[in-house]
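Summary of the model geometry
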Amino acid sequence: MSRHYKNRASGCLFSMTAVEEKFSLTEVLSSFKACLEKENQDVLMDYYISGWKGLVRFMNSLGAIFSFVSKDAVSKIQIMEAFRKSSSGDQYRSLQSMVAYELKAKLVDLNKRAEHSNSGCRTILRLHRALRWLQLFLEKLRTSTENSKTSVLCTEAYNDSLANYHPWIIRKTAMVSFYALPARNTFFEVMNVGSIEDVVTMLGEAMPYVSQVYDITQQLYAQHNLLDLP
Ligand SMILES: CCCCCCCC/C=C\CCCCCCCC(=O)N[C@@H](COP(=O)(O)O)[C@H](O)/C=C/CCCCCCCCCCCCC
């Protein structure tokens, strides 16, 4: 079944076929819960990647205007999948093992991009910063009211996170694309979770796991001085 939603601000039509058939935010966010290894709180790479793949699927369904965002996320996911499939794949089992391995083997460009321009540490750092945006955006959606505008929620979340790392041209492009986001109710609908109350409950239960993944990664990167990798 194919349904179309009209975006209030831009008048664009979004085809939600893919979303209805494939996307459930509950499922995607559960990957971030599964990331956390029980015994030692390691962040497991395969689930981390799987969470991002789910988010990208959702992003793609929002239309071509967001393809510049999803393309970058996809290229970073592919870099990490390639590491995982390589002969050193076991070293990339978790974010912790990746950091230990790449630092020990001197596989990270610490000051400027050179020989190891796409290290796992640098690539995950970009996704990690984007996870902060997601955390802020979903929390804003969860606590939003009927009159809240998704473009405003998204802009605020972006300004408090990713924007600090993006050059002017990317910031401007991102801001323009936010005006094409579907309205709040449409967002809730495409999450495929149920009623607005169900979404709010689900986000309240799932977001602590996303936050935990974010906090553990932040601490890991801070501990090894990796938060500013070029
Ligand atoms: C129903 C609600 C669920 C929400 C689901 C959201 C789906 C999110 C999917 C993807 C999120 C965006 C991931 C973006 C990764 C950006 C990483 C980054 O910062 N890359 C830049 C730096 O990389 P290097 O050049 O150093 O390798 C890169 O320059 C930037 C590329 C363009 C992306 C910039 C815009 C980011 C905006 C994020 C908000 C997206 C809004 C969509 C709202 C659904």
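Whatever comes next refers back to the structure up there.
Remember, it's a predicted structure, so these values are computed and weren't measured experimentally.

Considering the site of the ligand
What surrounds the ligand is a group of 24 residues, the closest being Asp72, Lys76, Arg122, Arg126 and His166. Within the side chain of aspartate 72, an N or O atom sits 2.7 Å from a nitrogen atom of the ligand. One of the side-chain nitrogen or oxygen atoms of histidine 166 is found 2.7 Å away from an oxygen atom of the ligand. Burial of the ligand by the surrounding chains reaches 91%, relative to a free accessible area of 970 Å². Broken down by secondary-structure element, the contributors of at least two residues to the shell around the ligand are helix 3 (45–60), helix 4 (67–85), helix 6 (120–142) and helix 8 (168–178). Sorting elements by how many residues they give to the shell around the ligand places helix 6 first, with six residues. In terms of residue class, the shell around the ligand is built from 19 nonpolar, one polar and four charged.

Topic: the pattern of salt bridges
Using the criterion set out here, one finds six salt bridges in the structure. Of the charged contacts in the structure, one is a salt bridge between glutamate 81 and lysine 53, with a shortest N-O distance of 2.5 Å. Here glutamate 81 is found in helix 4, whereas its partner lysine 53 is found in helix 3, with 28 residues between them in sequence. Since its relative accessible area comes to 39%, lysine 53 is described here as partly exposed.

Here we look at the side chain of arginine 184
Mapped onto the secondary structure, arginine 184 falls in helix 9 (residues 184–190). Of the side chains with opposite charge, glutamate 146 lies nearest to the buried arginine 184, which makes no salt bridge, at 6.1 Å. Polar side-chain contacts of arginine 184 include one of 3.1 Å to the backbone oxygen of threonine 145. Among all residues touching arginine 184, those that are not within four sequence positions of it are Ser144, Thr145, Glu146, Ser148, Thr150 and Ile196.

Digging into the nonpolar core
Formed by 63 residues in total, the largest nonpolar core has its most connected members in Leu29, Phe32 and Tyr48. The greatest single-element share of this core, amounting to 12 residues, is contributed by helix 6.

A word on helix 8
Here helix 8 has its buried residues at Ala174, Ser177 and Phe178. Burial along helix 8 is one-sided: seen end-on, the buried residues are contained in an arc of 105°. Structural note: helix 8 exposes Trp168, Ile169 and Val176 on the side pointing more than 90 degrees away from its buried face.

Rules behind the numbers
- Residues numbered from 1 in each chain as written.
- Predicted model: local features only at pLDDT ≥ 70, side-chain atom pairs only at ≥ 80, totals over all residues.
- Heavy atoms only, no water.
- Near = heavy atom within 4 Å.
- Polar contact = N/O pair within 3.5 Å; in protein donor to acceptor, adjacent residues only side chain to side chain.
- Areas by Shrake-Rupley, 256 points an atom, 1.4 Å probe, with all protein chains shown as cover.
- Helix = DSSP H or I, 4+ residues; strand = E, 2+ residues; numbered from the N terminus.
- Nonpolar A, V, L, I, M, F, W, Y, C, P; charged D, E, K, R; others polar.
- Salt bridge = Lys/Arg side-chain N within 4 Å of Asp/Glu carboxyl O.
- Buried < 20%, exposed > 50% of the residue type's maximum accessible area, 1.4 Å probe, protein only.
- Lys, Arg positive; Asp, Glu negative; His and termini not counted.
- Contact = heavy atoms within 4.5 Å.
- Core = buried A, V, L, I, M, F, W, Y, C linked by side-chain atoms within 4.5 Å.
- Arc of directions from axis to C-beta.

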